[in-house]
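Overview (structure and organization)
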Amino acid sequence: MKILNFGSMNLDYVYQVEHFVQPGETLAALEQKAGPGGKGLNQSIAMARAGAEIWHAGCVGIGGERLEQLLKENQVHTEYLRRTDEIQGNAVIQVNPSGENCILLYGGSNRAIIPKQITETIENFEAGDYLVLQNEISCLEKIVEEAAKKGLRIVLNPSPFEENLHNLDYHKLSWLLVNEIEASQLTGKSEPDKVWSCLHAEYPKLNVVMTMGSQGAWCFTLRERIFQPAIQVKAVDTTAAGDTFTGYFLRGVTIGENLRECMKQAAVAAALSVARTGASDSIPYWDEVEKHLK
Ligand code: RIB
């Protein structure tokens with residue numbers, strides 16, 4: 001069983017601010033840092049640091065070489081990355097004193113994925129392998145189509161939520177990982193039970209995880225419904241906490257670990273990431289997570 005993550009890679013420009021900048025306001029930042037990010041790259045690194053063997057596919061643009069290097073340093077396979085002349089995808093992130101963020105995204109190289117690259121990548125995987133997706137790259141529908149034809153198990157984190165996600169065939173997915181905002185954008189519901197009932201009625205084979213930040217997270221499958229409380233920490237920067245949760249949760253799922261255990265590992269990893277600044281820089285390694293599980 002192999003895991004392919006077809007996903008974004010961003011250069012994150014992170015600004016610590018007293019409050020999020022308002023319309024018409026010019027605001028001096030308290031601190032600035034540049035670092036690696038992108039929901040795709042963060043999730044690949046989280047899965048790798050959790051101990052999974054993972055292939056990351058996507059596009060490297062101008063200025064993105066160090067993102068490729070970082071994937072390699074984390075033992076992520078990079079042979080399905082394609083070079084493009086587009087500027088590397090990037091994000092301007094404001095972080096307020098409560099650790100909350102707001103993100104301005106520029107797709108750049110992440111929008112340069114082309115059908116030929118999809119076909120050539122997916123032909124290296126087979127039925128039963130996992131495909132992990134977020135919504136920061138081009139051609140998402142085509143990737144889902146091709147992967148489903150081959151019998152890959154498809155996991156979608158529909159983030160950021162945009163109109164294109166209404167065109168996807170969710171019958172082709174095995175897992176959907178949403179936060180409370182994405183859940184309501186998708187179903188019009190906000191209570192976890194109602195989100196699950198709505199999705200389950202329409203897509204009976206879909207398994208769902210709904211994360212709710214400091215309110216914890218739910219996992220719903222045909223056989224189980226599991227609530228995992230959030231581990232309370234002082235939030236320094238919540239950027240990539242969701243990606244860390246996703247990566248750690250999926251590492252457990254792909255090796256057939258008990259789902260309650262997967263949820264716990266994911267919650268511990270996400271809590272550790274929230275207590276640090278940065279996106280992929282904040283993702284913990286397995287030995288650190290393990291210590292907090294005892
Ligand atoms: O989930 C956090 C990520 O969202 C950041 O790293 C940023 O690049 C955006 O993709």
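Quantities reported herein were computed from a predicted structural model and do not represent experimental measurements.

How each quantity is defined
- Residues numbered from 1 in each chain as written.
- Predicted model: local features only at pLDDT ≥ 70, side-chain atom pairs only at ≥ 80, totals over all residues.
- Heavy atoms only, no water.
- Axes fitted to C-alpha atoms, helices over the stretch in contact; angles between N-to-C directions.
- Helix = DSSP H or I, 4+ residues; strand = E, 2+ residues; numbered from the N terminus.
- Parallel < 35°, antiparallel > 145°, perpendicular 65-115°, else oblique.
- Left-handed = near helix turned anticlockwise from the far one by under 90°.
- Contact = heavy atoms within 4.5 Å.
- Core = buried A, V, L, I, M, F, W, Y, C linked by side-chain atoms within 4.5 Å.
- Buried < 20%, exposed > 50% of the residue type's maximum accessible area, 1.4 Å probe, protein only.
- Near = heavy atom within 4 Å.
- Polar contact = N/O pair within 3.5 Å; in protein donor to acceptor, adjacent residues only side chain to side chain.
- Nonpolar A, V, L, I, M, F, W, Y, C, P; charged D, E, K, R; others polar.
- Pairing = 2+ DSSP bridges.
- Arc of directions from axis to C-beta.

A closer look at the packing of helix H7 (residues 241-254) against helix H8 (residues 259-274)
Closest axis-to-axis distance for the H7/H8 pair is 8 Å, and the angle between their directions is 150°. Taken together, H7 and H8 sit at an angle that is classed as roughly antiparallel. Judged by the twist between their axes, the crossing of H7 over H8 is right-handed. Residues Ala241, Thr244, Phe245, Tyr248, Phe249, Arg251, Gly252 and Val253 of H7 pack against Leu259, Cys262, Met263, Gln265, Ala266, Ala267, Ala269, Ala270, Ser273 and Val274 of H8.

Some thoughts on the nonpolar core
Formed by 43 residues in total, the largest nonpolar core has its most connected members in Trp175, Phe245 and Phe249. A per-element tally of this core places H8 first, with nine residues. Once residues within four sequence positions are removed from consideration, tryptophan 175 is found in contact with Ile154, Val155, Leu156, Leu206, Asn207, Val208, Val209, Cys219, Thr221, Phe249, Val253 and Leu259. In terms of nonpolar packing, the next biggest core, distinct from the first, is built from 38 residues, Cys59, Leu131, Leu133 and Met210 among them.

Some remarks on the site of the ligand
Asn10, Asp12, Lys39, Glu136 and Asp243 are the nearest of the 14 residues found near the ligand. Take asparagine 42: an N or O atom from its side chain is 3.1 Å from an oxygen atom of the ligand. In the environment of the ligand, an oxygen atom lies 2.6 Å from a nitrogen or oxygen atom belonging to the side chain of glutamate 136. Those elements giving two or more residues to the shell around the ligand turn out to be strand S2 (10-16), helix H1 (39-50) and strand S7 (101-106). Looking at the shell around the ligand residue by residue, the classes come out as five nonpolar, five polar and four charged.

Describing the packing of helix H5 (residues 180-187) against helix H6 (residues 192-202)
Two numbers describe how H5 lies on H6: the axes approach to 10 Å, and their chain directions differ by 45°. With respect to each other, H5 and H6 are oriented oblique. When you trace H5 past H6, the crossing you get is left-handed. Together, Ala183, Leu186 and Thr187 of H5 and Val195, Cys198 and Leu199 of H6 make up the contact between the two elements.

Some points on the sheet that holds S2
Across the sheet, four strands lie side by side as S3-S2-S6-S7; this open sheet has mixed pairing. Taken across any chain shown, the strands that pair with only one partner, and hence form the sheet edges, are strand S3 (31-37) and S7. Ignoring which end each strand starts from, the neighbouring axes of this sheet average 20° apart. Looking at chain direction, S2 and strand S6 (residues 90-95) are connected through six bridges and run parallel. Directly across from glutamine 16, in S6, lies its bridge partner valine 95. Running at roughly 60° to S3, helix H2 (residues 65-73) makes contact with S2 and S3 of the sheet.

Regarding the environment of isoleucine 113
Turning to its location among the elements, isoleucine 113 is positioned in the loop between S7 and helix H3 (115-122). A relative accessible area of 3% places isoleucine 113 in the buried class. Residues isoleucine 113 and tyrosine 170, spaced 57 residues apart in sequence, show a C-alpha to C-alpha distance of 21 Å. With sequence-adjacent residues up to four places away left out, isoleucine 113 is seen in contact with Phe6, Gly58, Cys59, Ile118, Ile137, Ser138 and Cys139.

Concerning the environment of alanine 50
With respect to the helices, strands and loops of the structure, alanine 50 is situated in helix H1. Taking the relative accessible area as the measure of exposure, alanine 50 reaches 2% and is therefore buried. Once the C-alpha coordinates of alanine 50 and arginine 251 are considered, the two residues, 201 residues apart in sequence, prove to be 6.6 Å apart. In contact with alanine 50, not counting residues within four places along its chain, are Tyr248, Arg251 and Trp286.

Some details on H5
Among the residues of H5, Glu182, Ala183 and Thr187 are the ones counted as buried. Buried residues of H5, viewed axially, fall in a sector of 110°; they line one side. The inward-facing, buried residues of H5 contact strand S10 (175-179), H6 and strand S11 (207-211). Phi turns positive one or two residues past the end of H5, at glycine 188, with a value near 80°.

A closer look at H2
Inspection of H2 places Leu67, Glu68, Leu70 and Leu71 among the buried residues, and these make up the whole buried set. Buried residues of H2 fall within an arc of 160° about the axis and therefore sit on the same side. Where H2 is buried, its residues touch S2, S3, H1, strand S4 (54-62) and strand S5 (81-87). Remark: glutamine 75 follows H2 within two positions and exhibits a positive phi of approximately 65°.

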